[in-house]
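Structural description and commentary
Here is how the chains run, residue by residue.
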Amino acid sequence: MSVTLARELACARSRLFGLRGVTIEQGRILLGALEACPRWRERPGIGELRIFRSAAGHEVLLVPSTGRVQIRVAYVVPPIERFDAAAGVLVELARLGRAARRAG
Amino acid sequence: MSEAKRLLLEPHDLTFVEDVPYIYHCSHYNLFHDQTVDDVLGDTAGQQVRVRAAHAAFRQLLRAITQGASTPMERLSIAMGAFAAMGHGRVDLDVTAEGGSARTGHAHYGFCWAEKYGSRVSRTLPADAVAAGFVAAATEVAYELPAGAMQAVEETCVARREPECTFKVTRAATPVPLPPTVDRQAMEPFLGPSEGGMDEAWIGATADTLQEFVAAMEGDERGLMEGFGVFITRHLTNYYLETAYAAARQAPESALPIVESLLREAAHVCVFHTFGGILLSPEWESVAGRLSGEPEDIVRGCVAIARGLGFGRWAIRELGPDRLVLSTTSNYEAPYYAARFGKSDRPRCYFFQGAALAMMVLAHRVRWDGSAELTQSFYDDLFRGQGLGFRCEPTTCQTMGHDRTEVVVRRT
């Protein structure tokens, strides 16, 4: 199963990226991993939406029932570097997810 | 702002802070609205009307929320905090009762103008009439000066590619004439009995959830507020409506149809960018589930969003493939107009009219399967291309003394 990073439209240039191909099960594992990871702090969402924020100011939004995941890159990152920043978050999420799966 | 008393006039989906009415609008609408006022009145007169409207509106708000503060510094601190919490930007005020200066790197209008147009268009006039009005009002309120005692002029602006927005604050030689403002007590007599419509249970519950969410939103370190992929402001209806109706009422009779068309188009811009942005957001998906793309779901979603943003209790009376009847007894425009100007001889709920039409365009002409991107060029195709595909006819309007405001949108 491959997950891809796709730019999503926003007023703030190039700050939103969607993860395509995340299954509901993968989303559930990722949610557990983010909840357990001290580097990501949860802040209030809406409905069932879960929002996690890193110390660098990046955010991960996750809708558990659909598996939708969106990365919001911190505004302090220059526009030209935002895709790389989002890719960096994706790599971290993949690592967290793998570790959570291994842990069971 | 966060400590001030906020009130949701629940049966009407109207929002107030200390009885001062406010709503939520995004930068696309804000910029288009201001441009419309300037297009109608001319750059200089338009800017003057906008600064004075903001001055009056913020004076009303700041007087209300600084009641418990005892020193000028306390009042200035509350004012700066409120402006940032509303998403207008973090402004540093360095003022006395004789004047001074103010500065910000992130005034909402200037910053968002630069983000949207800055790479393609040069601008000669500053963009932050709202911030200028706020600065003058904050100085007056801090030092307990009479209305119109101070004036603020934006001298540099990020929208002109200058490094920050700066304002010069001076005592006015003669008091600046400020327009009257409207508060909850003035509006309430013009609100009709609350009415629901089709899908009322779902729309009401969804609107409640959205209201809770946006009420908890605050400006970030810059004093800007981002949500649903757009920059949002918690903004004073007195500002929007004083300036919109100034444009409509001061325009020559022959130009009125064009002015009204522009004021309705501002609503198209809002529905396309803000409502559309919300519909595509994870926030919406978490509340309403994945978008089905069915026109009925888009329209009822838009009505819930309008209520969630404090526009009033909009209700669907009829909805079919070719026709929408949208009505309200508490749209934010009508009670303001009636309280401020009295009865109108023509329907004046321009935002409501434009929004109803735009909702049908979004519902029937946008593919919601994930392939649609709400870009400016797509907006131009939909709303400025070969025809909208629908037209909107206002049938009744509370600004004319009717008991409700209602529009019929028909396929052309």
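Residues numbered from 1 in each chain as written. Chains lettered and ligands numbered in written order. Predicted model: local features only at pLDDT ≥ 70, side-chain atom pairs only at ≥ 80, totals over all residues. Heavy atoms only, no water.

A word on the overall build of chain A
What counts here: Put simply, DSSP marks the helices as runs of H or I at least four residues long and the strands as runs of E at least two long, and each gets a number from the N terminus on. The buried label goes to any residue with under 20% of its type's maximum accessible area, the exposed label to any with over 50%, and the partly exposed label to all in between, with areas taken from a 1.4 Å probe on protein chains only. Here a residue-residue contact requires only that any non-hydrogen atoms of the pair lie within 4.5 Å. Two residue types count as positive, namely Lys and Arg, and two as negative, namely Asp and Glu; His and chain ends fall outside the count. Throughout, a charge is located at the NZ atom of Lys, the CZ atom of Arg, the CG atom of Asp or the CD atom of Glu.
Across its full length, chain A holds 2 helices and 6 strands. Starting at the N terminus, the α and β elements of chain A follow one another as β-β-α-β-β-β-β-α. By principal-axis analysis of the C-alpha atoms, chain A measures approximately 40 × 30 × 25 Å. Within the span of chain A, comprising 104 residues, buried residues form 47% of the whole. Relative to all contacts within chain A whose residues are 6 or more apart in sequence, the contacts with residues 24 or more apart total 41%. Taking the average place of the 17 positive charges on the side chains of chain A and the average place of its 9 negative ones, the gap between the two points comes to 2 Å.

Structural notes on the domain arrangement of chain B
Residues and elements named next belong to chain B. The condition is simple: Segment limits for the domains were obtained from an automatic or database-derived domain assignment. Buried area is understood as the total, over both parts, of accessible area removed when two parts are fitted together, assessed with a 1.4 Å probe. Any Lys or Arg side-chain nitrogen located within 4 Å of an Asp or Glu carboxyl oxygen qualifies as a salt bridge. Polar contacts, as counted here, are pairs of nitrogen or oxygen atoms within 3.5 Å of one another; within protein the pair requires one atom able to donate a hydrogen and one able to accept it, and residues that are adjacent in sequence qualify only if both atoms are side-chain atoms. Three classes are used, and their members are as follows: Ala, Val, Leu, Ile, Met, Phe, Trp, Tyr, Cys and Pro are nonpolar, Asp, Glu, Lys and Arg are charged, and the others, Gly among them, are polar.
As far as domains go, chain B holds domain 1 (6–171) and domain 2 (184–217 + 251–411). Centre-to-centre separation of domain 1 and domain 2, based on C-alpha positions: 26 Å. At the interface, 24 residues of domain 1 touch 34 residues of domain 2. Between domain 1 and domain 2, the buried area comes to about 2600 Å², and carbon and sulfur atoms account for 64% of it. Ranking the residues of domain 1 by area buried against domain 2 places D13, Y24 and F32 at the top, with a combined share of 25%. Summed over the shared surface of domain 1 and domain 2, the result is 3 salt bridges. The closest approach of N and O atoms between D13 and R307, which form a salt bridge, is 3.9 Å. Counting across the domain 1 and domain 2 interface gives 12 residue pairs in polar contact (both at pLDDT 80 or more). Listed by contribution, the elements that provide at least two residues to the side of domain 1 that touches domain 2 are strand 1 (6–9), strand 2 (14–17), strand 3 (20–26) and helix 1 (27–41). Taken together, the residues of the side of domain 1 that touches domain 2 sort by class into 14 nonpolar, 5 polar and 5 charged.

Describing the pairing of strand 13 (residues 405–411) of chain B
Residue and element names in this part refer to chain B. Keep this limit in mind: By this definition, two strands are paired if DSSP reports at least two bridges between them.
The element strand 13 is largely enclosed, with a buried count of 5 among its 7 residues. In this structure, strand 11 (residues 323–328) lies alongside strand 13, joined through 6 bridges in antiparallel fashion. For V325, the partnering residue across the bridge sits in strand 13 and is V408. Pairing of strand 12 (residues 390–396) with strand 13 involves 6 bridges; the strand directions are antiparallel. Pairing of C392 across the sheet is with V409, part of strand 13.

Describing the pattern of salt bridges
Per the counting criterion, the structure on display carries 40 salt bridges over all chains. Here B:D13 ties to B:R313 by a salt bridge, and the two come within 2.8 Å at their closest N and O atoms. Of this pair, B:D13 sits in the loop between strand 1 and strand 2 while B:R313 sits in the loop between helix 11 (295–308) and strand 10 (314–320); the two residues are 300 residues apart in sequence, bridging distant segments of the chain. The partner of B:E188 in a salt bridge is B:R184, and the shortest N-O contact between them spans 3.2 Å. Taken together, the shared-partner salt bridges in this structure form one network comprising A:E8, A:R20, A:R68, B:E285 and B:R290.

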